[in-house]
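Spelled out from the first residue to the last, the chains are:
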Amino acid sequence: MNTIGVNDSSCIRCGRCVKVCPSQIFVQEKAGGGVTLHKPENCILCGHCVAACPTGSVNHAEFPAERVHAVDYGAMPTPEQVELLLAVRRSNRALSARPVPQEMLDRIVAAADRAPTASNARRLAYTLVTDAAQLRAVTEYTLGIFGRLEKRLLHPLVRPWLSRLAPGIYRYVPVFERLRREYAEGRDRVLRGATALLFIHAPKANRFGAEDGNLAYENASLMAEALGVSQIYMGFVLTAVRQDKEAKLAAMLGLEGRRICAVMALGMPQFRYPNYIDRTPAEVTRK
């Protein structure tokens, strides 16, 4: 159990820790009164109490002084700068052969790890693949799964009824064929020449793994854009993973017992987009 305490001599009794604690561990009977603790064993290690305290009076074993930093809000990006980053961020599939520097990969993973998770569970973990042979293996795994799926879809006993129940699925058959053909010709249309893959994964029993993984992906994507690194959502790889009941890719990556929730390809672009476009605004209902 993590040790939590309140230094009564420096506490100014502002009640901020009481207001922000999601587990209601901090108790203040009346405004300006002393702060006490109730069932500290229920702490979910979110750190809200330490982050909110203006006098450093909350002592938490998980967040010692060297892990607590003052916020300089004057150094924060402006809303306009954030909007620009969001508008500029997009996939760039024109990748160079240059590897992404390790420092940049580390910062992208660190950004992902700062994303919120349900109940602050923080059960996500990350696997970076930069080895060329393993990257090829991921492409070949994906194409293999698609090949088996295509064979099932085209089975003479399956196609007549499935084409009526889910006709849209058959539009992917020529896509599967093209991916295999182009890979045989030396063009990898799955990874697009990426020099790194980031796998975001969670324990299979984690109920919110997929949601947490997508939040982490977005953080990583924005950091990649800020660093000038191209990022591509690996929908083909993730689709193959979801079709693979034997979880062979997870086993290949040493991720037994875990579920791959999101996959990002990373590479250094041949160029950066000189323009961004205004998209048609989504429909918003206000009630």
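Parameters and conventions
- Residues numbered from 1 in each chain as written.
- Predicted model: local features only at pLDDT ≥ 70, side-chain atom pairs only at ≥ 80, totals over all residues.
- Heavy atoms only, no water.
- 1 Å grid on protein atoms, 1.4 Å probe; cavity = no way out; pocket = protein on both sides within 12 Å on 5 of 7 lines; lining within 4 Å.
- Points joined across faces, edges and corners; volume = space filled by probe spheres on them.
- Helix = DSSP H or I, 4+ residues; strand = E, 2+ residues; numbered from the N terminus.
- Nonpolar A, V, L, I, M, F, W, Y, C, P; charged D, E, K, R; others polar.
- Patch = residues over 30% accessible without salt bridge, like charges linked within 9 Å, V, L, I, M, F, W, Y side chains within 5 Å.
- Areas by Shrake-Rupley, 256 points an atom, 1.4 Å probe, with all protein chains shown as cover.
- Salt bridge = Lys/Arg side-chain N within 4 Å of Asp/Glu carboxyl O.
- Pairing = 2+ DSSP bridges.
- Axes fitted to C-alpha atoms, helices over the stretch in contact; angles between N-to-C directions.
- Contact = heavy atoms within 4.5 Å.

Caption draft 1: Representation of the layout of surface pockets within the structure. Of the pockets and cavities examined, the largest pocket occupies roughly 1500 Å³. In this structure, the largest pocket is lined by 33 residues; those nearest its centre are Cys-46, Gly-47, Ala-51, Arg-67 and Arg-114. Looking at the lining of the largest pocket, the elements that each hand over two or more residues are α2 (48-52) and β4 (58-60). In terms of residue class, the lining of the largest pocket is made up of 19 nonpolar, eight polar and six charged. Approximately 270 Å³ is the volume found for the second largest pocket. Lining the second largest pocket are 15 residues, with Val-241, Arg-242, Asp-244, Arg-259 and Ile-260 sitting closest to its centre. Only α9 (235-243), α10 (248-252) and β8 (258-267) provide two or more residues apiece to the lining of the second largest pocket. Considering each element in turn, the lining of the second largest pocket owes the most residues, four residues, to β8. Across the lining of the second largest pocket, the residue classes break down as nine nonpolar, no polar and six charged.

Caption draft 2: Structural context of a nonpolar patch on the surface. A surface patch of nonpolar side chains, about 360 Å² in accessible area, is lined by Val-71, Tyr-73 and Met-76. By secondary structure assignment, the location of Met-76 is in the loop between β4 and α3 (79-88).

Caption draft 3: Representation of the environment of Thr-285 within the structure. Mapped onto the fold, Thr-285 is located in the segment after β8. As for Thr-285 and His-48, which are separated by 237 residues in sequence, their C-alpha atoms are 32 Å apart.

Caption draft 4: Quick peek at the sheet that holds strand β7 (residues 230-233). The four strands are arranged β5-β6-β8-β7 in an open sheet whose pairing can be described as antiparallel. Pairing within the sheet leaves two strands with one partner each, and these edge strands are β5 (125-129) and β7. Taking each pair of neighbouring strands and ignoring which way they run, the sheet shows an average axis angle of 25°. The sheet strands contacting helix α5 (residues 132-153) are β5 and β6 (196-203), and the helix crosses β6 at an angle near 65°. Each of β5, β6, β7 and β8 is contacted by helix α8 (residues 209-227), which is oriented at about 15° to β8, the strand it contacts most.

Keep in mind these values describe shape, not function.
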